[in-house]
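Each chain is listed here by its residues.
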Amino acid sequence: MTNEDTFHPLAWTAWLAAAALPALSTRNPLYLSLVLIAVRITYTALGRRNPTARSWSAFVRLGALMWLLSIPFVVLMSHGGSIVLFRLPRSWPIIGGPVTLEALLYSFTGGLAVIGLLLIFATFNIAVDQGRLLRMTPGFLYQAGVVTGIAVAFVPQMVATWQSIREAQQVRGHKVRGIRDLLPLLLPLLVTGLERAMNLAESMEARGFGGQILVATPRQRLAHQLALLGGLALVGLGLAVNGFWPDLRLIGSLQLAGGILLMLWSFWDVGRRSRRTRYHRWPWNRIDRLVAAIGIFGAVAWLAIMFARPEWLHYYPYPPYSPWPSFNIVVGLVLLLLAAPGLLMRPLETESDPAVAV
Amino acid sequence: MIDLRHVTYTYPDQAQPALADFSVSLAQGEFVLVVGPSGSGKSTFLRSLNGLAPHFYGGKWSGHIDVGGRNPVERAPRGMADLVGFVFQDPEAQFVVDTVEDELAFAMENFAVPPATMRKRIEEALDQMGIAHLRQRRIGALSGGEKQRVAVAAVLALQPQILVLDEPTSQLDPQAAEEVLVALRQLNEDQGLTVIISEHRLERVAQYVDRVLYLPALGAAPILDDPRAVMGQLPLVPPLVELGRALGWQPLPLTIKEGRPFARRISGQLAAAVAGGQSRPERSELPQSAAEGHPERMGDPQGRTQSKDAKLIPQGSAISVRDAHFAYHGHRALRGVTFDARPGEFVALMGRNGSGKSTLLKCIVGLLKQDEGRITVGGLDVRTAPSDDVIRLVGYVPQHPGSLLFRDSLLAELAFTRKGHGMPQDEPADLALLERLGLASVARRDPRDLSGGEQQRAALAAILVAQPQIILLDEPTRGLDYVQKRNLAALLLSFKAEGRTVVMATHDVELAAACADRVVLMGEGQIVVDGPARDVMSDSQVFASQINKLFRDPNYLVVDDVLRALGREPAAP
């Protein structure tokens, strides 16, 4: 099953930004629940097309486990709050003292945010083929992209090799009792892995990998380095200004934007020099544009609310705030946009059409 | 087209050169087979054609080389990739991206081929190799033959004029190898592509090639001639040629079709011999020494004589598998396999890649526990018996010797196995075993520095030191040349002669014909055919040996069957 019939990877990337932002920036359980519902709708639409996608339940289980483990920590160690559920003897170190409803709520919302993030990435993972995403990386990252792709592909191979080595040593009567007994397993793994890497490198070399890069003049190279350094400095400065002098936020934001633009230019210019073509043209249809636009709008709207009306998103159960979350209809509407890909996805064709793929 | 003069090349940190004063000249549009014993420089020669040697490996290079008007030493592999396409031995280890279409596009993207041209060339390459239906598939899910065809298509997309293949079929089953070779022949005929291929199993390739380049040994002048002429000079040749040489057939037949008229001529003689009761050779003598023994046909299993050591194992079945099922993550690898092996029996397990051979072997040694059914070895239930007891009885030699060997000397490897089995150390006995395996001279060397054939035997030694009564081998002949294969066959037969049970999964038809009493064909996790080697191998299109194809008679599987029926001495190896 390929994902040709969902959306363009860039559209999904916009969705990822719009979905991850709220999960990262609010603890309000109502908003987080809305995010989860929207992600679930999207996932369900995807899962219908891709029956092999099983990672969802694994991610849910992982998230739930982390959540369950974190709750007792927060609940027992944070003694703030006024609504006391019960008290542990003061003499108990660290956990002694009142256990409050506020602490319970706070740990609950924290877990909700973590699960939300996990599931957002799980959904993105199913929607977009990583190999494809890697190949969309701009020119200057191309080699890094290919190398990353190979490294990712190596993992399952190494697992298989590990398995066969373990079997081979096991039938020789080898048993792992301590660290030293791992040597008979690790050494062949290392040697085999190296051999395989050499074979692959040889094959890539024989097929002209990395062949056609135009060499930059020293002046061009200096310009790139300066642009990169300057961009980094500006970004750092902007972050510092925003953090320490909130009154100068406008200046800080301008510095941030300028730094990012400078770095992007440098990357783009380097990428222009590596002569390479792309085989795939992913269709960029009206519907892809729509999904991307909704994603970008959602992300921008969220950022606007974050900066202009931070109190709408604010949630902190401890006094002096109310433990009961507030709900703003505008925020709710923005979050509902996250379900858009799920609702806009074309109905699944009964038979996969090979002509769709280019 | 290709011209090498006085080339000497030494890999880094090596005292001996891999190519010494090497000169050869090949014409455009030829289909050339490169043969020679291990270590004669075949791979190095092939890698010099696109500059991998010396560019990828380093080392010292001298001499003149010209490939299609370019100098690979100056241009480096990336400058040769659009002229010389290179396909490697291991279908697993040469793919960069994960789908067939993307893999084909990979090299062209590197060469900045415009997308419209790319699409056209990908279509062509897919059609040339007959894999258009695979375009969307993930490479990991393809069969070995499909993978190698994808690898060829991936280099064809750059439209090279020369295609170089380093043992491209050595890891493939007979059907898959045939697919690849037929496709190559077609490319050579229809497109005029120069094809240079190295291969150990001459019986697979000889019929397709125009000329054979034989590298006898390091430093010796290579011989380039038409296949018939070269085959007359090679020390070890496919069975058909061996028979032709023994009986003085002229011109020497290279294909079954060419051999048939000769076969018909002697069929009267053979029929008379059968009437005279000389056929169905009984087991007469056993090879005494592994090093000099000759893999002879041991007669059919019914005619087996009890070996003097057979009492080592309790009577009855050595291996008994009853209705075994096994599934990996929902993939049903074994579906109700029932299989027995008697003590002292030699069973060849054959079938396509993925038919369940390896899974069955792993279940027998207890590495995998069957989901259903019962497996016993020497009366022990593999599922419930302590694994120490099972592995003392059953030795399992895995496919890649590299997954076993890790100590810095061969003797240390043997000592490690002894320790694992709780046996006392006994260096004289270890040396005797290595002697028998022809490894005594390398007993103190690092196993990883040994040649492919030596490593294979080193792995065998590391298992055999525990004196298992049942030996399981998974594809033991990968990358072995004829000499090494013959030695391995003799060795395995001598184990069998001691009353041990040997079960060998293999794609090598000739090896199975030479050794096995019984052939078990597997398909889709089930046993399709199980019977005496003579019957199974003469029924099958794919699994028939060359000699059997020639005579179409279950009495003749290997050269010696014919020679003995004619009242001649078996050919000396």
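Preceding block: the structure.
Summary of the structure given here. (Residues numbered from 1 in each chain as written. Chains lettered and ligands numbered in written order. Predicted model: local features only at pLDDT ≥ 70, side-chain atom pairs only at ≥ 80, totals over all residues. Heavy atoms only, no water.)

### Notes on the overall build of chain B
Under the convention used in this document: Helix numbers and strand numbers start at the N terminus; a helix is a DSSP run of H or I with at least 4 residues, a strand a run of E with at least 2. For this measure, only C-alpha atoms enter the radius of gyration; the expected value for a globule follows 2.2 Å times N^0.38, where N is the number of residues. Here's how the labels work: a residue is buried when its accessible area is under 20% of the maximum for its type, exposed when over 50%, partly exposed in between, all with a 1.4 Å probe on protein chains only. Working rule for contacts: check all heavy atoms of both residues, and any pair within 4.5 Å makes them a contact. For every accessible area listed, the method is Shrake-Rupley and the probe measures 1.4 Å; residues are considered covered only by the protein chains on display. Within this scheme the basic residues Lys and Arg register as positive and the acidic residues Asp and Glu register as negative, but His and the chain ends are omitted. Where a charge sits is defined by one atom per residue type, namely NZ (Lys), CZ (Arg), CG (Asp) or CD (Glu).
Scanning chain B for helices and strands turns up 21 helices and 19 strands. Radius of gyration (C-alpha) of chain B: 24 Å, near the 25 Å computed for a compact globule of 573 residues. With 573 residues in all, chain B has 60% of them scored as buried. Sequence separation of 24 or more characterises 67% of the internal contacts of chain B that already satisfy a separation of 6 or more. Accessible area of chain B: about 21,000 Å², with a carbon and sulfur share of 48%. Considering chain B, the positive charge centre built from 61 side chains and the negative charge centre built from 70 side chains are found 2 Å apart.

### Considerations on the interface of chain A and chain B
Applicable threshold: Note on terms: buried area is the combined drop in 1.4 Å-probe accessible area of two parts once they are placed together, counting the loss on both. The salt bridge criterion pairs a side-chain nitrogen of Lys or Arg with a carboxyl oxygen of Asp or Glu, the two atoms within 4 Å. We call two N or O atoms a polar contact when they sit within 3.5 Å, provided that within protein one can donate a hydrogen and the other can accept it, with sequence-adjacent residues counted only if both atoms are side-chain atoms.
If you look at the interface, chain A gives 49 residues, while chain B gives 60 residues. Its largest share of buried area at the contact with chain B, chain A owes to R172, R207 and Y279 of chain A, together 22% of the area lost on that side. Close ionic contact of E103 of chain B with R207 of chain A constitutes a salt bridge, the shortest N to O distance being 2.8 Å. The tally of links from chain A across to chain B stands at 12 residue pairs in polar contact (both at pLDDT 80 or more). Looking at the side of chain A that touches chain B, the elements that each hand over two or more residues are α6 (142-170) and α7 (183-206) of chain A. A per-element tally of the side of chain A that touches chain B places α7 of chain A first, with 15 residues.

### Focus: helix α8 (residues 218-244) of chain A
The α-helix advances 3.6 residues per turn, and as a result positions three or four apart in sequence lie on the same side. For clarity, the threshold we go by: Expected helix span is taken as 1.5 Å per residue step, with the number of steps being one fewer than the number of residues.
Its 27 residues place the ends of α8 of chain A 39 Å apart at the C-alpha level, agreeing with the 39 Å of an ideal helix rising 1.5 Å per residue. Buried within α8 of chain A are the following residues: H224, A227, G231, V235, G238, V241 and N242 of chain A.

### Points about the sheet that holds strand β3 (residues 31-35) of chain B
Residue and element names in this part refer to chain B. What counts here: Two strands are said to pair when DSSP picks up at least two bridges between them. For helices, the fitted line uses only the C-alpha atoms of the stretch in contact; every axis is such a line through C-alpha atoms, and the angle between N-to-C directions lies from 0 to 180 degrees.
The strand order across the open sheet built from six strands is β5-β6-β7-β3-β8-β9, with neighbouring strands paired in mixed fashion. Taken across any chain shown, the strands that pair with only one partner, and hence form the sheet edges, are β5 (84-87) and β9 (223-225). Averaged over neighbouring strand pairs, the angle between their axes works out to 15° when direction is ignored. Pairing of strand β6 (residues 162-166) with strand β7 (residues 194-198) involves five bridges; the strand directions are parallel. Bridged to V164 within β7 is I196. In this fold helix α6 (residues 144-156) packs onto β5 and β6, with an angle of close to 160° to the strand it touches most, β5.

### Digging into the pattern of salt bridges
Applying the stated criterion to the full structure yields 31 salt bridges over all chains. Linking K362 of chain B and E167 of chain A is a salt bridge whose minimum nitrogen-to-oxygen distance equals 3.1 Å. On the criterion of chain membership, the pair formed by K362 of chain B in helix α12 (residues 357-365) and E167 of chain A in helix α6 is interchain, its members lying in two chains. Of the two residues examined, K362 of chain B and E167 of chain A, each falls in the buried class. Here D3 of chain B and R5 of chain B are joined by a salt bridge, their closest N and O atoms 3.0 Å apart. One continuous salt-bridge network, built from bridges that share partners, spans R149, D173, E179 and R352 of chain B.

### Quick word on the nonpolar core
Considering soluble globular proteins, one finds that nonpolar side chains tend to be buried as a cluster. All names here are of chain B. Test applied: The nonpolar core is taken to be a set of buried Ala, Val, Leu, Ile, Met, Phe, Trp, Tyr and Cys residues, with the residues joined through side-chain atoms within 4.5 Å.
Among the nonpolar cores identified, the biggest contains 61 residues, and L104, V152, L163, L184 and M231 are the most heavily contacted of them. Beyond its immediate chain neighbours, meaning those up to four positions away, M231 contacts L202, A206, V237, P238, V241, R245, L252 and L254. One finds A348, L450, V509 and V558 within the second-largest nonpolar core, a separate group that totals 51 residues.

### Topic: the side chain of D288 of chain A
Residues and elements named next belong to chain A. Mapping D288 onto the fold places it in helix α10 (residues 286-308). For D288, a relative accessible area of 2% corresponds to the buried category. Beyond its immediate chain neighbours, meaning those up to four positions away, D288 contacts T6, F7, H8, A11 and P283.

### What to know about the sheet that holds strand β19 (residues 526-532) of chain B
All names here are of chain B. Ordered in space as β15-β16-β17-β12-β18-β19, the six strands form an open sheet in which the pairing is mixed. Every interior strand has two partners, whereas the edge strands, β15 (394-397) and β19, have only one. Strand-to-strand, the axes of this sheet are offset by a mean angle of 15°, without reference to chain direction. Pairing of strand β18 (residues 518-523) with β19 involves six bridges; the strand directions are antiparallel. Paired with M522 across the strands is I527, a residue of β19. The strands touched by α12 are β12 (346-350), β15, β16 (470-474), β17 (501-505) and β18; relative to β16, the strand with the most contacts, the crossing angle is about 150°. Most of the contacts of helix α16 (residues 452-464) go to β15, to which it runs at about 160°, and overall it touches β15 and β16.

### Considerations on unusual backbone geometry
Residue and element names in this part refer to chain B. The omega torsion across A53 and P54 is 10°, close enough to zero to call that bond cis. Position of P54 relative to the elements: it lies in helix α2 (residues 52-55). Between Q250 and P251 the backbone carries a cis peptide bond, its omega angle lying at -10°. Tracing the chain through its elements places P251 in the loop between α10 (239-246) and α11 (256-275). We note that E524 has phi near 50°; this positive angle belongs to a residue other than glycine. Along the chain, E524 turns up in the loop between β18 and β19.

### So, the pairing of strand β10 (residues 319-328) of chain B
Residues and elements named next belong to chain B. Here β10 runs beside strand β11 (residues 331-341); their pairing, made up of eight bridges, is antiparallel. Bridge pairing in β11 links Y328 to H331. Between β10 and β11, which pair antiparallel and follow one another directly, the connecting turn spans two residues, one of which, H329, has a positive phi of 40°. Here β10 pairs with strand β13 (residues 372-377) via five bridges, running antiparallel. Of the residues in β13, the one forming a bridge with H325 is E372.

### Here we look at the environment of L433 of chain B
All names here are of chain B. With respect to the element layout, L433 can be found in helix α15 (residues 427-436). Along the backbone, L433 and P17 are 416 residues apart, and their C-alpha atoms lie at a distance of 32 Å. Once you skip the residues sitting within four places of it in the chain, L433 turns out to touch L414, A461, L464 and V465.

### Topic: the pairing of β7 of chain B
Residues and elements named next belong to chain B. Rule in force here: Here is how to tell: hold the view so the strands point away, follow the path from the first strand over the helix to the second, and if it runs clockwise the crossover is right-handed.
Extensive coverage of β7 is indicated by the burial of five of its five residues. Bridge analysis of β3 against β7 gives four bridges, and the strand direction is parallel. Bridging from a neighbouring strand, V34 pairs with S198 of β7. At this point the chain moves from β6, through helix α7 (residues 174-191), to the parallel β7, and the crossover so formed is right-handed.

### Points about the packing of aromatic side chains
The description of an aromatic ring pair rests on the distance of the ring centres and on the angle between the ring planes. Residue and element names in this part refer to chain B. Just so we agree on the cut-off: Stacked, tilted and edge-to-face are the three classes applied to pairs of Phe, Tyr and Trp rings, where Trp contributes its six-membered ring and a pair requires centres within 6.5 Å; stacked means planes under 30 degrees apart, edge-to-face means over 60, and tilted covers the rest.
What the rule picks out here adds up to 15 aromatic pairs over all chains. Aromatic pair Y11 and Y57: ring centres 5.4 Å apart, planes at 90°, arrangement edge-to-face. Of this pair, Y11 sits in the loop between β1 (2-10) and β2 (19-26) while Y57 sits in the loop between α2 and β4 (60-67), and the two are 46 residues apart along the sequence. In this structure Y11 comes out as partly exposed when scored by relative accessible area, which is 23%. For Y57, a relative accessible area of 26% corresponds to the partly exposed category.

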